[in-house]
Protein chains: 2
Amino acid sequence: MYRLYNRVPAWVHQSSRRCSRSQVHSLCSDCNIAKMPDLMKIKQIVRKSLEACPVGTDEENLQNGRDFYKFMFGNYPQLRVYFKGAENYTPEDVQKSERFQKQGQRILLAVHVVASCADDPIVFKGYIQETVNRHRQYKMDPALWLAFFTVFVGFLETKKTVTEEEKAAWAEFGKLFNEEALTHLARLGLPH
Amino acid sequence: MYRLYNRVPAWVHQSSRRCSRSQVHSLCSDCNIAKMPDLMKIKQIVRKSLEACPVGTDEENLQNGRDFYKFMFGNYPQLRVYFKGAENYTPEDVQKSERFQKQGQRILLAVHVVASCADDPIVFKGYIQETVNRHRQYKMDPALWLAFFTVFVGFLETKKTVTEEEKAAWAEFGKLFNEEALTHLARLGLPH
């Protein structure tokens, strides 16, 4: 099982060991991770990496969605608690589940959408706010909004080789997503 | 009350009176509507026009969402049938409704999102498919997927002057959206 977080996801620790000034190294000249000057660049990198797991209605794409939950349930079984009725699902159960076929498409699509909208702050923030609204009922640990991206990059690594530049882009992307999610939780008067 | 459609929205008739070859005139040299060579151009135009009705959490933006439903319920009251419990709502009822404050943000956001994703066919189609999935329970007349854009451009005209170029871009955008929505309805074995 992967270590998910002790409130702070593992990649933050890893990153801070290498560079104390910035998780994305945008201010750092001491490490070899590419500098990422702006959101367009981050968007470009994360969208490109998502080509390894497209959504769609044909079998290959449906499998991408199932594969995300197979990865998550196999490596982070503690997160199954948020999926009522599937708290004890194995990856094999996910594979056979129509629910997780649909849910798999939904979560992959959400990541694709938010990546596509990343260069439009109004839409990016609006989509995150709406995603938080829809998840309100699940009473999630707020740390999971950031931790999701650790899970997602882990999943992506089952589909392709994820470069250091891509990992840095996803880390920054997750940070931006998380900032808006937590801001919105605070706005709603919820734990954040 | 606006005339919504006799199966075929009014703008199709208007368009076909002016140009028999293409609703968006992309092949037409006989009319004065700007040619729109590609999806990037359409995306650019519709996104720019959406600046007149941003989403967001402050009062001005929340009002944009309410205003959409006030416009729709005021001008197309026959569509209220799809909003259980609000079948007899007036625009004034919408203004006072927390439900339509939230719903207004959701529908505006959906239009912003789908516009932002228009240059990525996988995400664009995926988002439309998921939107159709979520609306399955309402048993909508399938003609409404296209007609929505007539309503939306009418709403946009309450916020800004919508140019002929913008109207043509929205018409093409609606056509593309509708094609995928109807394809997905067929895929689901539903009326289309």
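Given the structure is predicted, the values throughout are model-derived calculations rather than measurements. (Residues numbered from 1 in each chain as written. Chains lettered and ligands numbered in written order. Predicted model: local features only at pLDDT ≥ 70, side-chain atom pairs only at ≥ 80, totals over all residues. Heavy atoms only, no water.)

**Here's the deal with the side chain of Asp67(A)**
Residues and elements named next belong to chain A. Along the chain, aspartate 67 turns up in helix H3 (residues 59-75). In terms of polar contacts, aspartate 67 uses its side chain to reach the side chain of glutamine 63, at 2.7 Å. Every residue in contact with aspartate 67, bar those within four places of it in the chain, is listed here: Phe155 and Lys159. (Helix = DSSP H or I, 4+ residues; strand = E, 2+ residues; numbered from the N terminus. Polar contact = N/O pair within 3.5 Å; in protein donor to acceptor, adjacent residues only side chain to side chain. Contact = heavy atoms within 4.5 Å.)

**Focus: the side chain of Gln63(A)**
All names here are of chain A. Mapped onto the elements of the fold, glutamine 63 is located in helix H3. We classify glutamine 63 as buried; its relative accessible area is 17%. What glutamine 63 contacts, discounting residues up to four positions off in sequence, is Lys70 and Gln95. (Buried < 20%, exposed > 50% of the residue type's maximum accessible area, 1.4 Å probe, protein only.)

**Structural notes on the interface of chain B and chain A**
Listed as interface residues are 20 residues of chain B and, on the opposing side, 20 residues of chain A. Buried area between chain B and chain A, both sides added, is near 1700 Å², and the carbon and sulfur share of it is 66%. For the interface between chain B and chain A, the tally reads four salt bridges. The shortest N-O distance in the salt bridge between Glu130(B) and Arg106(A) comes to 3.9 Å. For the pair chain B and chain A, the interface holds four residue pairs in polar contact (both at pLDDT 80 or more). Those elements giving two or more residues to the side of chain B that touches chain A turn out to be helix H5 (98-116), helix H6 (121-135) and helix H8 (164-187) of chain B. Residue contributions to the side of chain B that touches chain A peak at six residues, all from H6(B). In terms of residue class, the side of chain B that touches chain A is made up of eight nonpolar, six polar and six charged. (Buried area = accessible area lost by both parts, 1.4 Å probe. Salt bridge = Lys/Arg side-chain N within 4 Å of Asp/Glu carboxyl O. Nonpolar A, V, L, I, M, F, W, Y, C, P; charged D, E, K, R; others polar.)

**Regarding the relation of the copies chain B and chain A**
Relative to chain A, chain B is turned by 180 degrees and slid 0.0 Å along the rotation axis, the superposed coordinates differing by an RMSD of 0.0 Å. Such values leave the two copies arranged in the relation of a two-fold axis. Looking at the interface residues of chain B, 100% of them are also at the interface in chain A, so both copies use one shared face. (Least-squares fit on C-alpha atoms with pLDDT ≥ 70 in both.)

**Remarks on the packing of aromatic side chains**
Residue and element names in this part refer to chain A. Using the criterion set out here, one finds 44 aromatic pairs over all chains in the structure. Taken together, a centroid distance of 5.7 Å and an interplanar angle of 55 degrees make the contact between phenylalanine 83 and phenylalanine 100 tilted. Pair noted here: phenylalanine 83 is in the loop between H3 and helix H4 (91-96) and phenylalanine 100 is in helix H5 (residues 98-116), with a separation of 17 residues, a long-range link. Residue classification places phenylalanine 83 among the buried residues on the basis of a relative accessible area of 14%. On the basis of relative accessibility, which here comes to 0%, the residue phenylalanine 100 falls in the buried class. For the ring pair phenylalanine 152 and tryptophan 170, a centre distance of 5.3 Å and an interplane angle of 45 degrees mean the geometry is tilted. Highlighted residues: phenylalanine 152 in helix H7 (residues 144-156) and tryptophan 170 in helix H8 (residues 164-187), separated in sequence by 18 residues. Note on accessibility: phenylalanine 152 and tryptophan 170 belong to one class, buried. (Phe/Tyr/Trp six-rings, centres within 6.5 Å; stacked < 30°, edge-to-face > 60°.)

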